[in-house]
Amino acid sequence: MSSDFESYEQDFAVLTADITGRIGKVPKLLGDEKKQMVANVEKQLEEARELLEQMELEVREIPPQSRGMYSSRMRSYKQEMGKLEADFKRSRIAYSDEVRNELLGDDGNSSENQRAHLLDNTERLERSSRRLEAGYQIAVETEQIGQEMLENLSHDREKIQRARERLRETDANLGKSSRILTGMLRRIIQNRILIVVLALFIILTTAMAIYFSVKRR
């Protein structure tokens with residue numbers, strides 16, 4: 001699982017580096033060339049989001065004892081993604097202002113006021129987005145903690161079941177041992193009784209032989 005994560009990680013690093021370079025070029029381009037660059041960046045940002053989703057799925061498959069390090073890296077990548085999207089919004093606002101000025105012929109002061117207003121709204125949206133992202137991250141971490149607890153409970157249940165099975169096996173072995181010992185004791189008692197009977201028989205036979213021998217004399 002970690003090898004797949006690292007592969008997605010490398011793809012994400014290459015893609016975000018390319019996006020950063022293209023975002024920096026947007027304000028410097030003109031006309032159709034700028035439109036094409038904006039469209040390309042939007043497509044690459046969508047690819048980056050899909051990579052993040054794949055990476056997050058891989059993190060969920062990593063064992064709990066190794067997951068913390070990858071979760072920390074995911075938070076860093078999400079922050080980087082948020083910064084890229086914010087930079088792209090700023091470049092698009094500048095691009096939109098320029099296009100609008102070309103079409104409507106607005107003067108510089110009006111454009112600056114509109115730009116300041118749009119930037120203010122963008123900052124508010126970014127703050128809201130960060131709060132939503134923080135809430136989402138808390139929910140993901142809570143889900144991970146719950147999953148780890150369920151896995152721990154599952155392991156504990158398996159240990160208890162194995163302990164019960166060992167107890168049953170021990171009880172069965174003790175039962176067998178008890179039956180074996182009971183049989184041995186029974187045979188010992190039977191042998192002793194047989195020895196006593198034989199001894200009595202020998203004594204009785206000897207006594208009778210002595211008696212008849214004396215009587216004849």
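Note that this is a predicted model, so its numbers are computed, not measured.

Cut-offs used in this document
- Residues numbered from 1 in each chain as written.
- Predicted model: local features only at pLDDT ≥ 70, side-chain atom pairs only at ≥ 80, totals over all residues.
- Heavy atoms only, no water.
- Helix = DSSP H or I, 4+ residues; strand = E, 2+ residues; numbered from the N terminus.
- Buried < 20%, exposed > 50% of the residue type's maximum accessible area, 1.4 Å probe, protein only.
- Contact = heavy atoms within 4.5 Å.
- Areas by Shrake-Rupley, 256 points an atom, 1.4 Å probe, with all protein chains shown as cover.
- UniProt positions renumbered as here; feature names shortened; annotations may be inferred.
- Phe/Tyr/Trp six-rings, centres within 6.5 Å; stacked < 30°, edge-to-face > 60°.
- Salt bridge = Lys/Arg side-chain N within 4 Å of Asp/Glu carboxyl O.
- Core = buried A, V, L, I, M, F, W, Y, C linked by side-chain atoms within 4.5 Å.
- pLDDT = per-residue confidence, 0-100.
- Patch = residues over 30% accessible without salt bridge, like charges linked within 9 Å, V, L, I, M, F, W, Y side chains within 5 Å.

**A few points about the overall build of the chain**
Thinking step 1. Along its length, the chain carries four helices and zero strands.
Thinking step 2. Of the regular secondary structure in the chain, the N- to C-terminal order runs α-α-α-α.
Thinking step 3. In the chain, which comprises 217 residues, the proportion classed as buried is 20%.
Thinking step 4. Within the chain, residue pairs in contact and separated by at least 24 positions form 75% of the contacts whose partners lie at least 6 positions apart.
Thinking step 5. Within the structure as shown, the chain displays about 15,900 Å² of accessible surface, and the carbon and sulfur contribution to it stands at 58%.

**Re the UniProt feature "transmembrane region" (unreviewed entry) in the chain**
Thinking step 1. Under the feature "transmembrane region" (unreviewed entry), the UniProt entry names residues 193-214.
Thinking step 2. Regarding residues 193-214, the helix share stands at 100% and the strand share at 0%, and the terminal C-alpha atoms are separated by 31 Å.

**Focus: the packing of aromatic side chains**
Thinking step 1. Inspection of the entire model under this criterion finds three aromatic pairs.
Thinking step 2. Taking 5.0 Å as the distance between ring centres and 85° as the angle between the ring planes, the aromatic pair formed by F5 and Y70 counts as edge-to-face. Remark: Y70 occurs in helix α3 (residues 64-104) and F5 occurs in helix α1 (residues 2-25); sequence separation between them is 65 residues.
Thinking step 3. Using a relative accessible area of 7% as the deciding quantity, one classes Y70 as buried.
Thinking step 4. Judged by centre distance (5.4 Å) and plane angle (70°), the ring pair of Y211 and F212 falls under edge-to-face.
Thinking step 5. Given the relative accessible area of 49%, Y211 is considered partly exposed.

**Let's talk about the pattern of salt bridges**
Thinking step 1. For the coordinates displayed, the defined rule picks out seven salt bridges.
Thinking step 2. For the salt bridge of E56 with K78, the shortest nitrogen-to-oxygen distance reads 3.4 Å. In this pair, E56 sits in helix α2 (residues 31-61) while K78 sits in helix α3, placing the two residues 22 residues apart along the sequence. Side by side, E56 and K78 carry an identical accessibility label, which is buried.
Thinking step 3. Bridged by salt links that share partners, the residues E46, R49 and E85 form one connected network.

**Notes on the nonpolar core**
Across soluble globular proteins, nonpolar side chains show a tendency to be buried alongside one another.
Thinking step 1. Formed by 23 residues in total, the largest nonpolar core has its most connected members in F5, F12, I19, L45, L52 and M55.
Thinking step 2. Within the residue set of this core, elements represented by two or more residues are α1, α2 and α3.
Thinking step 3. For this core, the leading source of residues is α2, giving nine residues.
Thinking step 4. Here M55 is in contact with F5, Y8, E9, F12, M74 and Y77, once residues within four sequence places are set aside.

**Quick word on the side chain of Q44**
Thinking step 1. Here Q44 shows up in helix α2.
Thinking step 2. Every residue in contact with Q44, bar those within four places of it in the chain, is listed here: L15, D18, I19 and R22.

**Brief notes about the confidence of the model for the chain**
Thinking step 1. Mean pLDDT over the chain works out to 79, with 77% of the residues at or above the 70 mark.
Thinking step 2. Taking the mean pLDDT of every element in the chain, the minimum, 76, falls on helix α4 (residues 108-216) and the maximum, 89, on α2.
Thinking step 3. Ignoring residues within four places in sequence, the model shows residues 102-109, a span with pLDDT below 50, making four contacts including any to other chains.

**Re a nonpolar patch on the surface**
Thinking step 1. The grouping of L194, L198, F201 and I202 at the surface amounts to a nonpolar patch, some 420 Å² of accessible area in total.
Thinking step 2. Relative to the helices and strands, I202 is located in helix α4.
Thinking step 3. You can call I202 exposed: its relative accessible area is 52%.

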